[in-house]
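Analysis of the macromolecular model
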Amino acid sequence: MDSEEAGKYMKMVKEQQQRGLQKLKGDRGSKDGVFSYKVDPYTLRSGDHVVHRKVGVGRFVGIRFDVAKNSSQPTEYVFIEYADGMAKLPVNQASKMLYRYSLPNETKKPRTLSKLSDTSAWERRKVKGKVAIQKMVVDLMELYLHRLKQRRPPYPKTPAMAKFEAQFPYEPTPDQKKAFIDVERDLTERETPMDRLICGDVGFGKTEVALRAIFCVVSAKKQAMVLAPTIVLAKQHFDVISERFSVYPDIKVGQLSRFQTKAEKEEHLDMIKNGSLDIIVGTHSLLGDRVAYNNLGLLVVDEEQRFGVKQKEKIASFKTSVDVLTLSATPIPRTLYLALTGFRDASLISTPPPERVPIRTHLSSFSEDKVISAIKYELDRGGQVFYVLPRIKGLNEVMAFLVESFPHVEIAIAHGKIYSKQLEDTMEKFALGEIKILISTNIVESGLDIQNANTIIIQDVQQFGLAQLYQLRGRVGRADKEAHAYLFFPDRGLLSDQALERLAAIEECRELGQGFQLAEKDMGIRGFGAIFGEQQSGDVGNVGIDLFFEMLFESLSKVEDHRVLSVPYHSVQVDININPHLPSDYINYLENPIEIINGAERVAEKDIWSLMQFTENLRRHYGKEPHSMEILLKKLYVRRMAADLGITRIYTSGKLIFMKTNMNKKVFKMMTESMASDLHRNSLVLEGDQIKAELLLELPKEQLLNWIFQCLAELHASLPSFIKY
């Protein structure tokens, strides 16, 4: 991508982000257009952890009046305890420098308090956080820019679509209509692939949005894949889609699942490959390497937060080339956050269909009598009951207790470890109403749409996450009967603060359509662990939540300052006169030495990974290379890394090393700050268009090459945190 084109895209991304930031700021104060996350000292409670931008993490003690040395007026001071003593700050100064370490309702504690006498450790922590944040932003940008660069012809609007839409038996709600329009525009008016999140409570009609998108894509002779987190949910999607498309004999729907025999699976894989299946439904097995699509146009992902990290990465890789529609009742904070910062488009369906009645939520400590009366009430009105536990372990005990209490009622158990055909049969029977009480783990948390089941009992509620509880509660209340959710916990004294908070949040979100607000709460309680990628929570922990966010927005708004422009490999000059001779026995040992050395030069031209692979293969075939061959390889590595870093010439004069570069000051500062070795970091300075390093003494040629190699390797390690075009 040339820099002019890149500039144009960057501008689009920036505008998109600005819109997202506006949404996210809401009531946060913004000083001179700068996003401020600082804390008002008067809102702190004694014992809260705070972060001082220059000193680090301390514990807030309180605010007291004190008289300064050279004044008679008492001033209000904020007292903060650090690892090696107490600090006091005038209140007006504190409000400019202090941040919360964790969210107000969170009990996450920092590993250690910072020291007043040594702020260098804190500086290092901040740099580490900053580099991690920068990398996160760059990864996002790259995914997003990659998507903007992709082109596909818009899908045609056809009269057949209107006919398909007319089959929808309900009057769509206003939010639903808007979601239909959003998705239709994404598909028929845009040339870049769609990446839209549809947030809507369970039963608010997200599936219809997906069905219309599928029809639009399949009518244009492309394939659609529907991905669900559990077999149960996949089966349900398959049934709904098959029924809706049954009037179109030329559109073939197939399901890939572990219930199939090997022969059935192979047949399905062939049909996907040769394009005779138009719509493929399944669980993560659809992401496997064996599944080859003929002409994939759309990926529909249901409940993305239920997939593992590896699967999410695979889903992300699809996003750059096909249209993606994600359905979620409680978006993970990360997706929610991305939707807000404008990296994804989101449509919210928060109006319930007119016939939906809110679910009555009962929260209480566990007692067998309460369970029996709840089940009896539901069975007497002809309904069915879900009984959910957090683990497989207790299912049989509950079964024994219920069989004893309701001897003439059909009861069954369902969990993920059951033989798959048996699981499918159980679900089928429950759906048909033959089984009245289903005891299960949270395998039922997404999907199951059973109109007649209107009571759910959840035991040991403190062991579920908020999003899970919310989903489970949404299993009932699909019909026009009032539904009941009974959440039972053991004695309150046994619950952690976090579990109690979770329960309070569920209580607050009793209204329908609160999934979105709930995810915001979950964001608070879980401490943003999953904002971007999965391993990032450590970086939030390094600097505390508010400073992390301020740094994140700083990084978002200045992302183009951190641009590294590489140069072509051939344009790099390394003026170190060192030409080692390979030992004759090694030359004889190599089958074709000239070809091998030329091959090394060719892969170095390509990229650093190819060069590393080449080195590994060489060692695998011929063992560890002799010293002279190592020097030859190191010269190639130095030249390759220099090209990636935008360095065009490396030369030396006495104990000085010079590297001519196009790097700007901000990039240089950030790169050197993130270097692990003090030795290299302290010897580098950027003067005009060259990086200068001063050594303590003049080194022999080989040691000099070694020093440059190590120094460039450290700079090169920080490249993932920069934009490279």
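The name given to the protein in an unreviewed UniProt entry is Transcription-repair-coupling factor, with Cajanus cajan as the source organism.

Looking at unusual backbone geometry
Residue K221 is not a glycine yet carries a positive backbone phi of 65°. Looking at where K221 falls in the secondary structure, it is placed in the loop between α6 (206-219) and β9 (223-227). Look at D460: it is not a glycine, yet its phi comes out positive at around 55°. Considering the arrangement of structural elements, one finds D460 in the loop between β19 (453-458) and α14 (466-473).

Structural notes on the sheet that holds strand β23 (residues 656-661)
Strand order across the open sheet formed by 5 strands is β21-β22-β23-β25-β24, with mixed pairing between neighbours. What marks the edges here is a single partner per strand, and that holds for β21 (573-575) and β24 (684-687). The mean inter-strand angle of the sheet, taken between neighbouring strand axes irrespective of direction, is 20°. Relative to strand β22 (residues 647-653), β21 runs parallel, the two sharing 3 bridges. When the sheet's bridge partners are listed, D575 is paired in β22 with Y651. Strand contacts of helix α23 (residues 665-673): β24 and β25 (690-694), with the helix running at about 180° to β24, the strand carrying the most contacts.

What about the nonpolar core?
In summary, soluble globular proteins display a tendency toward joint burial of nonpolar side chains. In terms of nonpolar packing, the biggest core is built from 54 residues, with I650, I657, M671, L684, I708 and L712 touching the most fellow members. Ranked by the residues each element gives to this core, the list is headed by helix α22 (residues 627-645), at 10 residues. Sequence-distant contacts of M671, defined by excluding residues within four places in its chain, comprise V564, L645, M663, L715, S718, L719 and F722. One finds L423, A453, V461 and A485 within the second-largest nonpolar core, a separate group that totals 49 residues.

Considering the packing of aromatic side chains
Taken as a whole, this structure holds 14 aromatic pairs when the rule is applied. The interplanar angle of 70° and the centroid separation of 5.6 Å between the aromatic rings of F168 and Y170 together place this pair among those described as edge-to-face. A residue is classified by how much of its surface remains accessible, and F168, at 16% relative accessible area, is buried. A centroid spacing of 6.2 Å and a plane angle of 55° characterise the contact between F245 and Y248, whose relative ring orientation is tilted. Pair check on accessibility: F245 and Y248 agree, each one buried. Aromatic ring contacts, followed pair by pair, group F164, F215, F245 and Y248 into a single cluster.

Here we look at the environment of S350
Along the polypeptide, S350 turns up in the loop between β14 (345-349) and β15 (360-365). By relative accessible area, S350 is classed as partly exposed at 36%. Here the alpha-carbon distance between S350 and C199, two residues 151 residues apart in the chain, equals 8.0 Å.

Thresholds, definitions, all that
Residues numbered from 1 in each chain as written. Predicted model: local features only at pLDDT ≥ 70, side-chain atom pairs only at ≥ 80, totals over all residues. Heavy atoms only, no water. Helix = DSSP H or I, 4+ residues; strand = E, 2+ residues; numbered from the N terminus. Pairing = 2+ DSSP bridges. Axes fitted to C-alpha atoms, helices over the stretch in contact; angles between N-to-C directions. Contact = heavy atoms within 4.5 Å. Core = buried A, V, L, I, M, F, W, Y, C linked by side-chain atoms within 4.5 Å. Buried < 20%, exposed > 50% of the residue type's maximum accessible area, 1.4 Å probe, protein only. Phe/Tyr/Trp six-rings, centres within 6.5 Å; stacked < 30°, edge-to-face > 60°.

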